[in-house]
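# Topology and contacts: notes
Each chain, written out:
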Amino acid sequence: MSTGKADWLETNYPKQADRLERYTSLSDVEVDPLYSDEDLSGWSYEEKLGHPGQFPFTRGVHASMFRGKLWTMRQFAGFGTAEDTNQRFKFLLAEGQTGLSTAFDMPTLMGYDADHPRALGEVGREGVAVSSLADMEALFADVPLDEVTTSMTVNCTASVLLAMYFAVAERRGIPLTKLGGTIQNDMLKEFIAQKEWISPPEPSVRVVVDMMEFCAKEAPRWHPVSISGYHIREAGSTAAQELAFTLADGIGYVQAAVDRGLDVDSFAPRLSFFFNLHNDFFEEIAKLRAARRMWANTMRERFGAKSPKSLTLRTHCQTAGCSLTAQQPVNNVVRVAIQALAGVLGGTQSLHTNSMDETLALPSEESVLVALRTQQIIAEETGVANFVDPLGGSYAVEALTDKIEAEAADYIRRIDEMGGIIRAIELGFPQKEIAEASYRFQQQLDRGERVMVGVNKYQLETEPPIEIMRIGNDIERKQAERVRARKQARDAAAVKLALGNVRRAASDGSNLMPPILAAVKVECTVGEISDIFRDCFGVYHDPAWI
Amino acid sequence: MSHEDRPLRILVAKPGLDGHDRGAKIIARAFRDAGFEVIYTGLHQTPEMIAEAAVQEDVDAIGLSLLSGAHMTLFPAVIDELRKRELEDVAIFGGGIVPAEDIVELKKLGIREIFTPGAATDTIVAWVRANVPPREA
């Protein structure tokens, strides 16, 4: 019989030999010197873990996990024109990537065509420029849409881009029922963190629910929303805040859909998630495990979901962009590998690994290949994919999982008390909590209490330059000309009629997806449909809290 | 010290369409903690809006934060808009994902300094103290 933890710490643990005064996680949570069975007192395996594939899915959403099927290797890509990005897609697929993920440029994301004055300087820079159906067709030229699953990161203009993707598939004779993929379409986290919006929260969520409803009926393999913590973390949140605000957003969407009269089991199986993988290895694994358990309990208890698929939190993960350094960028390969490993041990379904040069520019072909190879090495060389939840039962990991769950549950309780996530966002609650955490972290970094290798410790006198990808200035001019030419060439009467139908649906509350789908088919543009949102729903302005 | 009479007034501005405001908000708070008077524009500002805010708020300097890659278009556009309003004496500096060769070009155009990822807030505050004099009334 061993002595108790407190006694052991008192008599056996050499406190005076500690390297640091405080041991904390990246999220500033105290880490104990020892985790033992005492940390799991009153703990039930069935209630807390369950076997893999069984409620509450802490150990994974599938029984055999990566023994059955590896996670989807899905590198986020997009730059320049549709043709440029199409080539990158084909390169990635040829090198063994198993799914596509599209990055759009800022004008596309914010609802401006390439020929709009507000697009000046931004076309094709942070992603690919897509203004109309012709661009979407070029983007996915020669890509078998019925075989590859595609993810599209777009939010306030998601309805338009998804309609374009569906229209491209229809033109190729592929029924919507055969399309698999995900559109991010998580507007709530836009107001919290990523800050790409057109209209205020209420009408924005209405469009999200329109898409959930439409996809449940017409495109049942499609994930119409990817509830995203990634950007919340990038904005500077802690791991528990990322977990809490993401689940709170998920609760917000489910509630909005249920309020509309949808049966929870009709749409919940197609909700997906997106989490960040930051530097703190065990904290990240605990976060993913807690996320699954909390979602399963929430769906069953709060919403009465019955289908097992409604209870499982399936997630994409991406390594943390904000953890990368411009200094000694090759070191980023190591950071990414360790973060990716946390994602795999945490049981992700899909993974993007960042490229080493992303603090300098969009990734070059060489660096994106290293990033993809990192996943392939983890999958096929390290042996970790042979195990299902190998860390399950670790005193430390289970204690961390319980702790982050408790912290996140407390946030969700506070948000409930405010009247739900939309009200909390209007009050600025998650935004202010994140800003506090972000500033606290920066201060710790500036004081040297936290280490970023190459930035505030182990710096080099001179940084060796690395090759980066440059986006040419001619892309903007060419793309703007292309948009103008398409607008000239299309059937003006059909466009007018189609835009009128979108406007009517926006005003009368009927589902926006059918008229938007009809509109993109006659080449109405992202900007034109977004203008209707601006008119009918109003424009949201940044409250600009410091 | 050159500005012991009154605190410096700094406009922290986000030109363009990207929503990455983590850096802008951190530097705005760091400036405030350093004793400067800080005005934050919020997101999605045009060069005209930023120049107008500089006039309205009578600032000594503008810190531009941009992570969308549009700096070679939008930073010079802010300079032009300030020139139209005869605000050439307002110091402009910036931060974001800006490649080294672009920094050289932007400095030639009149951007006083560019801070890239990894810059400590106290480095930026110290640079402002050393390089931004209060403008003549």
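Residues numbered from 1 in each chain as written. Chains lettered and ligands numbered in written order. Predicted model: local features only at pLDDT ≥ 70, side-chain atom pairs only at ≥ 80, totals over all residues.

### Here we look at the overall build of chain A
Across its full length, chain A holds 23 helices and nine strands. For 546 residues, the compact-globule estimate of 2.2 N^0.38 gives 24 Å, and the C-alpha radius of gyration of chain A, at 24 Å, lies within 12% of that figure. Across its three principal axes, chain A shows a C-alpha extent of roughly 85 × 60 × 45 Å. Excluding contacts between residues fewer than 6 apart, the proportion of contacts in chain A whose partners are at least 24 apart in sequence is 77%. (Helix = DSSP H or I, 4+ residues; strand = E, 2+ residues; numbered from the N terminus. Rg over C-alpha atoms; globule rule 2.2 N^0.38 Å. Contact = placed C-beta atoms within 7 Å.)

### Details of the overall build of chain B
Counting secondary structure elements, chain B contains five helices and five strands. Helices and strands appear in chain B in the N-to-C order β-α-β-α-β-α-β-α-β-α. For chain B, the C-alpha radius of gyration of 13 Å lies close to 14 Å, the compact-globule estimate for 137 residues. Dimensions of chain B along its principal axes, counting C-alpha atoms only, are 40 × 35 × 25 Å.

### Section: the packing of helix α15 (residues 331-345) of chain A against helix α16 (residues 365-380) of chain A
All names here are of chain A. Two elements in contact, α15 and α16, have axes whose closest approach is 10 Å; the angle formed by their N-to-C orientations is 45°. One finds that α15 runs oblique with respect to α16. In terms of crossing hand, the pair formed by α15 and α16 is right-handed. In this structure, α15 contributes Val333, Val336, Ala337, Ala340, Leu341 and Val344 to the contact, and α16 contributes Val370, Ala371, Thr374, Gln375 and Ile378. (Axes fitted to C-alpha atoms, helices over the stretch in contact; angles between N-to-C directions. Parallel < 35°, antiparallel > 145°, perpendicular 65-115°, else oblique. Left-handed = near helix turned anticlockwise from the far one by under 90°.)

### Structural notes on the sheet that holds strand β4 (residues 91-96) of chain B
Residue and element names in this part refer to chain B. With parallel pairing, the five strands of this open sheet are ordered in space as β2-β1-β3-β4-β5. At either margin of the open sheet sits one strand with a lone partner, and together these are β2 (37-40) and β5 (113-115). Neighbour to neighbour, the strand axes of the sheet diverge by 20° on average, direction disregarded. (Pairing = 2+ DSSP bridges.)

### Observations concerning the confidence of the model for chain B
Within chain B, residue pLDDT values average 94, and 97% of them lie at 70 or more. Interface confidence in the predicted complex, given as ipTM, is 0.93; pTM for the same model is 0.97. (pLDDT = per-residue confidence, 0-100.)

### Things to note about the interface of chain B and chain A
Taken together, the contact pairs 30 residues of chain B with 31 residues of chain A. In terms of residue class, the side of chain B that touches chain A is built from twelve nonpolar, eleven polar and seven charged. (Nonpolar A, V, L, I, M, F, W, Y, C, P; charged D, E, K, R; others polar.)

### Comments concerning the environment of A:Val522
All names here are of chain A. As for its placement among the helices and strands, Val522 is situated in the loop between α22 (513-521) and α23 (526-537). Sequence separation between Val522 and Gly346 is 176 residues; the distance between their C-alpha atoms is 45 Å. Discounting chain neighbours no more than four positions away, the residues touching Val522 are Arg490, Asp491, Ala494, Val495 and Ala498.

### A short note on unusual backbone geometry
All names here are of chain A. Across the junction of Phe55 and Pro56, the peptide omega takes the value 0°, indicating a cis bond. Within the secondary structure layout, Pro56 lies in the loop between α2 (45-48) and α3 (65-68). Positive phi outside glycine occurs at Ala544, with the angle close to 55°. Inspection of the secondary structure assignment puts Ala544 in the segment after α23. On the neighbour-count criterion, Ala544 (16 C-beta atoms within 10 Å) is partly exposed. (Buried ≥ 20, exposed ≤ 12 C-beta atoms within 10 Å, placed from the backbone.)

### Notes on the pairing of strand β3 (residues 61-66) of chain B
Residues and elements named next belong to chain B. Of all six residues making up β3, six are buried, and the element is well covered by its neighbours. Neither face of β3 is left uncovered, since the one carrying Ala61, Gly63 and Ser65 and the one carrying Ile62, Leu64 and Leu66 both have all their residues buried. Bridge analysis of strand β1 (residues 9-13) against β3 gives four bridges, and the strand direction is parallel. Its bridge partner being in β3, Ile10 is matched across the sheet by Ala61.

### What to know about the domain arrangement of chain A
All names here are of chain A. With domains assigned, chain A is organised as domain 1 (50-446) and domain 2 (474-537). Taking only C-alpha atoms into account, the centre of domain 1 sits 27 Å from that of domain 2. Split by residue class, the side of domain 1 that touches domain 2 holds 17 nonpolar, eleven polar and four charged. (Domains from an automatic or database assignment.)

### Observations concerning the sheet that holds strand β4 (residues 181-183) of chain A
Residues and elements named next belong to chain A. With parallel pairing, nine strands are arranged side by side in an open sheet as β5-β4-β3-β2-β1-β9-β8-β7-β6. Pairing within the sheet leaves two strands with one partner each, and these edge strands are β5 (222-223) and β6 (225-228). One ladder, built from three bridges, connects strand β8 (residues 315-319) with strand β9 (residues 350-352); its direction is parallel. Its bridge partner lying in β9, Gln318 is registered against His352. Lying on the sheet, α16 is in contact with β1 (72-77) and β9; it crosses β1 at an angle near 160°.

### Description of the packing of helix α8 (residues 187-194) of chain A against helix α9 (residues 201-218) of chain A
Residues and elements named next belong to chain A. Packing of α8 against α9 leaves a shortest axis separation of 8 Å and a crossing angle of 140°. Classified by the angle between their axes, α8 and α9 sit oblique to one another. Contact residues: α8 offers Met187, Leu188 and Phe191, while α9 offers Pro201, Ser204, Val205 and Val208. Looking at the contact of α8 with α9 residue by residue, the class counts come to six nonpolar, one polar and no charged.

### As for helix α3 (residues 71-84) of chain B
All names here are of chain B. End to end, α3 covers 20 Å across 14 residues, agreeing with the expected 20 Å (1.5 Å per residue, within 8%). Turning to α3, its buried residues are His71, Leu74, Phe75, Ala77, Val78, Ile79 and Leu82. The inward-facing, buried residues of α3 abut α2 (47-57), β3, β4 and α4 (100-109). Phi turns positive one or two residues past the end of α3, at Glu86, with a value near 55°. (Expected span 1.5 Å × (residues − 1).)

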